[in-house]
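# Geometric and topological summary
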Amino acid sequence: MIEENNEKILILDFGSQYAQLIARRVRENNVFSEIVPHTITAEQVKKINPKGIILSGGPANVYVKNAPQCSEKIVSMGIPILGICYGMQLGCQMLGATVKPTTTREYGRTACTVNNETTLFKSLSKDITVWMSHGDQVVELPPEFESLAFTHNCPFAAIKHKKNAFYGVQFHPEVTHTLQGSQVIRNFLYEICGCTGNWEMHSYREKSLDDIRKQVRNGRVVCGLSGGVDSAVTAALIYRAIGNRLSCIFVDNGLLRNYEAEEVIKTFKDNFMVDLHTIYAQDRFLDKLKGITDPEKKRKIIGHEFIEIFKEEAMKISGAKFLAQGTLYPDVIESIPAHGGPTVTIKSHHNVGGLPAELGFELVEPLRFLFKDEVRMIGEELGLPEELVWRHPFPGPGLAIRIIGEVTGRRLETLRSADKILIEEIRRAGLYRSISQCFAVLLPLNTVGVMGDERSYENVIAIRAVETTDFMTADWYRIPDEILGTISSRIINEVEGVNRVVYDISTKPPSTIEWE
C-alpha cells in the first residue's frame, strides 16, 4: 500500500522504542508514514520517492565502531530530513559536525529557547518545554550549519544545514512531554516537506479492500476470531472484500473474560453471514498450562495449542488457502527487532510469526500498518457495533497472563469475577470510553486480613487502568477515589478468596501495560 500512496514519510529506524510513535504522530497530521530499516539504500529511497525522511533516535553512540548508520547519499539527496536525537547526531556527524559525550546529561522535561525563527518552529513560542534523553550531543558546528535552539546544557538543541535540507532536534518531539512537539512535526511535514495531507482512514479502507481482492482473487480465507476489535475489523474488511468466501474460526480457550465467548458468537451471527466454526477447548488449554508459571512459556504454550486446534479445524474447510490475522504495528515492534534494527524485544505476541509453515496458508494482514485507534476508525466506518469497536484491548493469551503464576480453573474464576465487577463499575461511572484499557490481575501471593471475627489469608487483586492513544506510551488513569473504593469493596465482598485490592500507578515506560 505504501508504493501507491503519493505522499509518504519514511522513518529510518535506528533502534528507538519510539519509532512507532514517530510514525503515529506523522499520521495524526494526515500524512502516511512507514518505518524502514536504517540500512535502506539511496536507490531504494529514490524509488519510493518520499516527501521527507525522519531519522529516529536510538541507544547507540554515533562515534563508536559499528554504530548504526544510514547511507551518506541519503543525507545529500535533497529530500528534506529531520533527525531526532541520535538521528540528529548522525546527520550532523555525516555533514561535518562534532559529536561527543557530555559532562552533564539531559533526561526529562527541559526548558528550551528558540533562537532562530525558522519554519521548523513556526507558530511556536520562543520558550518551549521539551523532553530530552541523551548523554551525547553536538558540540561543534561547521559554518554550513545554523543553530535554531538551545538549552542550559545543550548549545545546539536544534539545527539546520544551510545547503542540504537537513534539520535536527536533540529533543523528542514525538512524545507528549514535549508540549509543542506535534507542531514541530507538523511544520516539518507541511512547511518543509510540502505535504498536503491526503492520508485518511477512508482512503486506507478502500485501498485495503482492493489489496485483499488482488491477493485473494477467487480463494477462500480463514480468519481466527478472538472477540477483540482487531480480529473483528480484519474479518469485517475481508467480508466486505470477498463476501461468503470467508470462514471464521473462534477458539474458546477458557481464558476469556466473563461471558465473552457468548458475546463473540452473538456479535458475528448478528452482523455477518459468514461460516463460523466454534471450538470449546478450555480443558485442553488448562492441561497444557498445568504447573507453568513463566509468562513467556505461557504465551508460547497457548500460541502453540491455538495453532494446533486452529490447524485441525482449518483443514476441514475446503479450498482454504489464505489465513487472516489482526496483526497491528505495536504487535510487530514489541515482538521482533524493528525491521531488522537493534530495538530490544519486549515480549512475544502469539499472532506474529506464530503460524508454522506446514499450514501452507498465505497470510492476509490488512491491519499490519495500523495503530489501535486507527483500527477503531475503520471499524466505525464499516458499521461494527460500538460495544465491539470500543471494547478494551485483550491479550491473545487472555487471562493466563493476568494470572501471575500457575493458571487453574479456580484461579480463572476468581480473576474473571473480579474483572467483571471492575468493568461493571467503570461502565456505571461513565468512564469506560475515557479509559484506554482497564483490567484486573490476580497476584501470586496471599495477605492477612480480618473478615468477620476471623483471620483470613487470601488472594490479592491488582487493578490496572491506563490512558493512551497509541499504546506505545501510556499513563495510569486517575480513577476517582470513591469509585476505586466501590470497586475494592465489591470485589472483596463478592469474590470468594480475595481480601485485598491494590491499584497500579505505573506508566509505560518503564512498565508495560500488561503485567506479563
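Everything here concerns the structure above.
I will try to describe carefully the structure that is included in this document. (Residues numbered from 1 in each chain as written. Predicted model: local features only at pLDDT ≥ 70, side-chain atom pairs only at ≥ 80, totals over all residues. Heavy atoms only, no water.)

### Focus on the pairing of strand β4 (residues 81-84)
- In β4, alternate side chains face the same way, and those of I81 and G83 on one face and L82 and I84 on the other are all buried.
- Here strand β3 (residues 52-55) pairs with β4 via three bridges, running parallel. For L55, the partnering residue across the bridge sits in β4 and is G83.
- The pairing of β4 with strand β9 (residues 166-169) spans four bridges and is parallel. If you follow I81 over to β9, its bridge partner there is F166. (Buried < 20%, exposed > 50% of the residue type's maximum accessible area, 1.4 Å probe, protein only. Helix = DSSP H or I, 4+ residues; strand = E, 2+ residues; numbered from the N terminus. Pairing = 2+ DSSP bridges.)

### Some thoughts on the pairing of strand β16 (residues 454-467)
- In the sheet, strand β15 (residues 437-451) pairs with β16 via 12 bridges, with the strands oriented antiparallel. What sits directly across from V448, in β16, is Y457.
- In this structure, β16 lies alongside strand β18 (residues 498-503), joined through five bridges in parallel fashion. From the neighbouring strand, I463 faces β18, where its bridge partner is Y503.
- As paired strands, β16 and strand β17 (residues 475-476) are joined by two bridges and run antiparallel to one another. Bridge assignment links V466 to a residue of β17, and that residue is W476.

### Looking at the sheet that holds β3
- With mixed pairing, nine strands are arranged side by side in an open sheet as β2-β1-β3-β4-β9-β8-β7-β5-β6. Here the strands that pair on one side only, and so sit at the sheet edges, are β2 (32-37) and β6 (127-140). Sheet twist, expressed as the average angle between the axes of neighbouring strands with direction ignored, equals 20°.
- Here strand β5 (residues 98-114) runs beside strand β7 (residues 145-151); their pairing, made up of three bridges, is antiparallel. Within β7, the residue paired with C112 across the bridge is T151. (Axes fitted to C-alpha atoms, helices over the stretch in contact; angles between N-to-C directions.)

### Thoughts on the nonpolar core
- Formed by 88 residues in total, the largest nonpolar core has its most connected members in V233, L246, I426, I461, I479 and I491.
- A total of nine residues in this core trace back to one element, the largest contributor, which is helix α7 (residues 229-242).
- Not counting residues within four places of it along the chain, the set of residues in contact with I491 comprises A418, I421, I461, I463, V498 and V501.
- Counting residues in hydrophobic clusters, the runner-up holds 37 residues, among them I9, I54, V184 and I185. (Core = buried A, V, L, I, M, F, W, Y, C linked by side-chain atoms within 4.5 Å. Contact = heavy atoms within 4.5 Å.)

### Focus on the sheet that holds strand β14 (residues 362-364)
- Strand order across the open sheet formed by five strands is β12-β11-β10-β13-β14, with parallel pairing between neighbours. Since the sheet does not close on itself, it has two edges, and those belong to β12 (275-280) and β14, each with one partner. Taken pair by pair, the neighbouring strands of this sheet meet at an average axis angle of 30°, ignoring direction.
- As paired elements, strand β11 (residues 246-252) and β12 share six bridges and run parallel to each other. Of the residues in β12, the one forming a bridge with D252 is Y280.
- Set on the sheet, helix α10 (residues 295-314) makes contact with β10 (220-225), β11, β12 and β13 (320-324); between it and β11 the angle comes to about 140°.

### A word on the packing of aromatic side chains
- Following the criterion strictly, the structure yields five aromatic pairs and no others.
- Look at F14 and Y86: their rings are 5.5 Å apart centre to centre, the planes differ by 45°, and that puts the pair in the tilted class. Placement of the pair is F14 in the loop between β1 (8-13) and α1 (19-28) and Y86 in helix α4 (residues 86-94), with a sequence separation of 72 residues. Residue F14 shares its accessibility class with Y86, and that shared class is buried.
- Arranged with centres 6.2 Å apart and planes meeting at 80°, the rings of W476 and Y503 form a pair that is edge-to-face. Taken together, the positions of W476 in strand β17 and Y503 in strand β18 put the pair 27 residues apart, joining distant regions of the chain.
- When its relative accessible area of 22% is taken as the criterion, Y503 is described as partly exposed.
- Every member of this aromatic cluster is reached through a ring pair, and the members are F32, W199 and Y204.
- Geometry around W390 places R433 over its ring, the cationic atom sitting 3.9 Å from the centre. (Phe/Tyr/Trp six-rings, centres within 6.5 Å; stacked < 30°, edge-to-face > 60°. Lys NZ or Arg CZ within 6 Å of the ring centre and 35° of its normal.)

### A few points about the environment of R368
- By the secondary structure assignment, R368 is in the loop between β14 and α12 (372-381).
- Residue R368 is classed as partly exposed on the basis of its relative accessible area of 25%.
- Residues R368 and L328, spaced 40 residues apart in sequence, show a C-alpha to C-alpha distance of 4.5 Å.
- Within the local environment of R368, its side chain forms a polar contact with the side chain of E365, the two groups lying 3.1 Å apart. (Polar contact = N/O pair within 3.5 Å; in protein donor to acceptor, adjacent residues only side chain to side chain.)

### Structural notes on α10
- Its 20 residues give α10 an end-to-end C-alpha distance of 28 Å, which sits within 8% of 28 Å, the value for a rise of 1.5 Å per residue.
- If you check which residues of α10 are buried, you get K298, R299, I302, G303, E305, I307, I309, F310, E313 and A314.
- Those residues of α10 that are buried lie in contact with β10, β11, β12, α9 (282-289) and β13.
- The residue sitting at the N-terminus of α10 and contributing the capping side-chain oxygen is D294; that oxygen lies 3.1 Å from the backbone nitrogen of E296. (Expected span 1.5 Å × (residues − 1).)

### Some words on the state of the cysteines
- A full pass over the atoms with the stated rule returns zero disulfides.
- With no disulfide of its own, C70 has C92 as its nearest cysteine by sulfur position, at a separation of 12 Å.
- Overall, C70 belongs to the buried group, its relative accessible area being 5%. (Disulfide = S-S within 2.5 Å.)

### Points about the packing of helix α14 (residues 409-428) against helix α15 (residues 481-494)
- Closest axis-to-axis distance for the α14/α15 pair is 9 Å, and the angle between their directions is 150°. Put simply, α14 runs roughly antiparallel to α15. Relative to α15, the crossing made by α14 is right-handed. For the pair formed by α14 and α15, the contact residues are A418, I421, L422, E424, E425, I426 and R428 on the first element and T486, I487, R490, I491 and E494 on the second. (Parallel < 35°, antiparallel > 145°, perpendicular 65-115°, else oblique. Left-handed = near helix turned anticlockwise from the far one by under 90°.)

### Topic: unusual backbone geometry
- Following K508, the chain continues to P509 via a peptide bond in cis, the omega torsion being -15°.
- With respect to the helices and strands, the residue P509 is situated in the segment after β18.
- At the junction of P509 and P510, the peptide bond is cis and its omega measures out at 10° in the coordinates.
- Even without being glycine, N49 reaches a positive phi, approximately 60°.

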